[in-house]
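# Chains, contacts and geometry: an overview
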Amino acid sequence: MTNAMQTEFLKLRRAIIAEQFKTLNKKQQEAALATEGPLLLLAGAGSGKTTVLINRIANLMLFGSASDTEDVPGGLTDSDIAFLRLYLDNITDPTLREAGEAKAHALCTMHPVRPWEILAITFTNKAADELKHRLEKRLGDEARDIWAMTFHSACVRILRRYIDRLGYDNGFTIYDSADSQSLVKRILTDLDLDDKTYPPRRILGEISRAKDALLEPEAYQAAAEKEGDHRRRKTAEIYVEYAKRLRAAGAVDFDDLLFLTVKLLQTDEDVCRHYQRQFRYVLIDEYQDTNNLQYLFATILSEGHGNICVVGDDDQSIYKFRGATIQNILDFEHQHPGARTIRLEQNYRSTGHILEAANAVIKNNQGRKGKHLWTDQGQGDKLTHYVARNGEDEANYVAQCILTHFGAGGSWSDHAVLYRMSALSNQLEFAFKRNGIPYKVVGGMRFFDYAEIKDVLAYLAVLENPADDLRLLRIINTPARGIGQATVERLREAALRSGRTIYDTIQHPDEVPDLGRTAAKLKTFAALLRDLREKVQDMPLDAFYDHLLDATGYLAMLKEKPDENLARIEHIQELKSTIAGYIDRSEEKTLKGFLDEIALYSDLDSLEAAEAGVVIMTMHSAKGLEFDHVYIVGLEEGIFPGYRSIGDTEEMEEERRLCYVALTRAKQKLHLTSAAQRMLFGRTTANMPSRFLEEIPQDYIEKTGQTRPSYRDTRADIVFDDEAPWATQSEPTKSTAPRYRPTPPRAQSTLPTYQKGDTITHKAFGKGTITALTPMGGDALVEIAFEGVGTKRLMLKAAAQHMEKSER
DNA sequence: ATCATAACGCTTTTT
DNA sequence: GCGTTATGAT
């Protein structure tokens, strides 16, 4: 083949491939087509990161390495090139395009990638699900074999197959953090240690960090013995015992999934080579949130072919507290010489002012790669800053803004309220309830945290793995079977002495001394478990579940107090639909498969998403989401940034990144609020407005409502100097400290008077009749029956802003 | 065993 | 200020 032919072929191939990705912008396209070698993709907020990932994978599947190489397939003929030229010239003609596409693509492909050769890792199940869905939509059924999953799922998949090479049983059980915590608590009592000096959460943090540093319990203990203080040596003791008991129960915890996988890859050449060969392309999402183990996992697996693509945003690294090292993304280019870096800085989400505010804030950080978000969609509205008197005033302000917007035709779910600490959610909830605003709090209690769910799952876990002492002890007397604490102690002692599991021990209770009459009860319980283990083999899982609830008496126990346990019974039922869903979805339909799935899938909120309402959540939970209108509340020194981070540069930079995340959630309108004083943890404090407010150029901010504390408060309150200096001054000085002043007379309100029977029109709810009016401390609670909407109870002062009297 | 009272403590969270 | 948890009394 001549040089000229080659050049022309390459040109045509580039054009034909690019045609598939023409909806992407230049940088996005570059990212999708740079398939070979290490690649760092710095994807700013709202820059279309997931779209790029999808297209990148599509490119791999369609064209293999062709988009990123000058290599030319052998046996190329003149007529092939002529064909490609013709195809490209007529690509706008749908019929010709369709007729020629298969052949054209075949000519342009170089080693197309098979789906299972792609490893695409995310952090959360939600992200993994979204990725899978969009891949299937784009690529069809083939996409199902792509390893698009979370770190932990990928590890489970590898370990289920090969963990025996580390001397573990392949049927291992997975402990969630609650299990880990109870195990540590149990160890603390057994070792006679006080859980105040050794808080289980902190201990688990230490253990987690040890594993992250690839330290086995023994190695950790050796180090602690050599240089550690008393506390550290005890911690090491706990770690040793913790690992021992996990091992005995045939269980691994969340960290072990990664720890053991990395260990397996490092020690077993066979396995390592197998996966290194398999994964031609490795992609890691949210790379700024990875820890050391995850870094090793990704690095080792990509070493076979050297194609590792990490996607992330160093400015959105907000999970240091759970072990993430921003250093992974900062050092990527250093660790991978020859790595290419592509920045996605065009933002498709927010208006100009919002982006500039975010840029201005994050600019104050030192440890960052540097990025500047931009948009071609205009400046948009300015941000607003409202200084509230207190938390209640702040919450009411937010509620009023939302009502106003809703009245103007907006929808509830366009709004999100973000805060630093969930302690701030209460007053918002009250304000929303008062004003009849539907809302949903994200986070908090999760489905699998309910005691009843854990109980039932403990039964299932024990049936699958009888060695699981922890779970067995959870259910041994739930429902009550007359097996009290004393009996349990004797059992544990006997088990420890004989080196057997509790399950084995209760099979022969006569061998346990001092049991007396309870031996019979144990026998009954043991027989029950034996029977259930048999039945679970030959019954469909959902039918077995019903049988389990019945045979154990668990449901009957709840139904003894139906009113009190209403919610619990509902949860138990809901778990059944989870099982049914699993049976529908999955191929293997085994108990083990189900337990695996839920061990790693601990929130069901994707199931109950739909509901429309204002979303209230922490800034952390808001990561990755977007809303037209975003309210960030509690922008005060001590709250955000939190008092623990003040004075610590690294912590402060993390807070600032969190602020950046929060600001960039907004598409249209960004409302910032701070309160001059606030009640928190039972104490009222006066906080300065957050430094982050000062880091935003003041031209981008509009002060709304009161820009100084109100004089209307009934009590003597904190009053500041005239010019609201706390919001504009760059250096807080003593002169801005609050001082006390007597309260000026109350401002006269000019509300129209309402009474029972009046008909009114409300901006949000339409026409209604006042059915009740109860005066309450200067305000009044009105009950209004709205046409079609139902009856709402509103505070008159707040509601009056949004309604007027109408004639009959 | 079940209930009452006191005491504590409290960023952020996924797997 | 509130919710959880530990301890003790009946």
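Let me sum up the structure you'll find in this document.

Here is what the cut-offs are and how they apply
- Residues numbered from 1 in each chain as written.
- Chains lettered and ligands numbered in written order.
- Predicted model: local features only at pLDDT ≥ 70, side-chain atom pairs only at ≥ 80, totals over all residues.
- Heavy atoms only, no water.
- Helix = DSSP H or I, 4+ residues; strand = E, 2+ residues; numbered from the N terminus.
- Rg over C-alpha atoms; globule rule 2.2 N^0.38 Å.
- Buried < 20%, exposed > 50% of the residue type's maximum accessible area, 1.4 Å probe, protein only.
- Contact = heavy atoms within 4.5 Å.
- Areas by Shrake-Rupley, 256 points an atom, 1.4 Å probe, with all protein chains shown as cover.
- Lys, Arg positive; Asp, Glu negative; His and termini not counted.
- Charge placed at Lys NZ, Arg CZ, Asp CG, Glu CD.
- Near = heavy atom within 4 Å.
- Polar contact = N/O pair within 3.5 Å; in protein donor to acceptor, adjacent residues only side chain to side chain.
- Nonpolar A, V, L, I, M, F, W, Y, C, P; charged D, E, K, R; others polar.
- Salt bridge = Lys/Arg side-chain N within 4 Å of Asp/Glu carboxyl O.
- Pairing = 2+ DSSP bridges.
- Axes fitted to C-alpha atoms, helices over the stretch in contact; angles between N-to-C directions.
- Disulfide = S-S within 2.5 Å.

### Quick notes on the overall build of chain A
Within chain A one finds 33 helices and 24 strands. Taking 2.2 N^0.38 as the reference for a compact globule, 808 residues should give roughly 28 Å; the C-alpha atoms of chain A span a radius of gyration of 31 Å, in line with that estimate. By principal-axis analysis of the C-alpha atoms, chain A measures approximately 95 × 80 × 60 Å. The buried share among the 808 residues of chain A stands at 52%. Intrachain contacts of chain A at a sequence separation of at least 6 include 74% that bridge at least 24 residues. About 37700 Å² of surface is accessible on chain A, with carbon and sulfur atoms providing 49% of the total. Counting 104 positive and 119 negative side-chain charges, chain A places the centres of these two groups 3 Å from one another.

### Description of the protein's contact with DNA strand B
Within the structure, DNA strand B sits among 24 residues, and Asn125, Arg420, Ser422, Thr618 and Arg644 are positioned closest to it. Here the atoms of DNA strand B within 4 Å of the protein split so that 50% fall in sugar or phosphate, with bases taking the remainder. Between serine 422 and DNA strand B, the recorded distance is 2.6 Å, taken from a side-chain N or O atom to a phosphate oxygen. Sorting the residues of the surface near DNA strand B by element identifies α29 (619–622) and α30 (649–663) as the ones contributing at least two each. Taken together, the residues of the surface near DNA strand B break down into seven nonpolar, eight polar and nine charged.

### Points about the pattern of salt bridges
Within this structure, the stated rule accounts for 59 salt bridges. Between lysine 320 and glutamate 651 there is a salt bridge, with the nearest N and O atoms lying 3.6 Å from each other. Of this pair, lysine 320 sits in the loop between β7 (308–312) and α15 (327–330) while glutamate 651 sits in helix α30, and the two are 331 residues apart along the sequence. Of the residues examined, lysine 320 reaches a relative accessible area of 34% and is grouped as partly exposed. With a shortest N-O distance of 2.7 Å, glutamate 637 and arginine 691 are connected by a salt bridge. Separated by 54 residues along the polypeptide, glutamate 637 in the loop between β13 (627–632) and α30 and arginine 691 in helix α31 (residues 691–695) bring together distant segments of the chain. Salt bridges sharing partners connect three or more residues here, namely Asp190, Glu241, Lys244, Arg245, Glu489 and Arg492.

### Some thoughts on the sheet that holds strand β12 (residues 614–618)
A sheet is described by the order of its strands in space; here seven strands give the open sequence β11-β12-β10-β13-β14-β9-β17, paired in parallel fashion. Each having just a single partner strand, β11 (439–441) and β17 (701–703) make up the two edges of the open sheet. The sheet shows a mean angle of 25° between the axes of neighbouring strands, taken without regard to direction. Of the strand pairs in this sheet, strand β9 (residues 383–388) and strand β14 (residues 666–675) are connected by five bridges, and their pairing is parallel. Directly across from histidine 385, in β14, lies its bridge partner leucine 672.

### A closer look at the state of the cysteines
Per the stated rule, a full pass over the model turns up zero disulfides. A disulfide-free cysteine, cysteine 272 has its sulfur positioned 13 Å from the sulfur of cysteine 155, the nearest such atom. By relative accessible area, cysteine 272 is classed as buried at 11%. Just so you know, cysteine 659 is unpaired, no disulfide at all, and the nearest cysteine sulfur is the one on cysteine 401, 19 Å from it.

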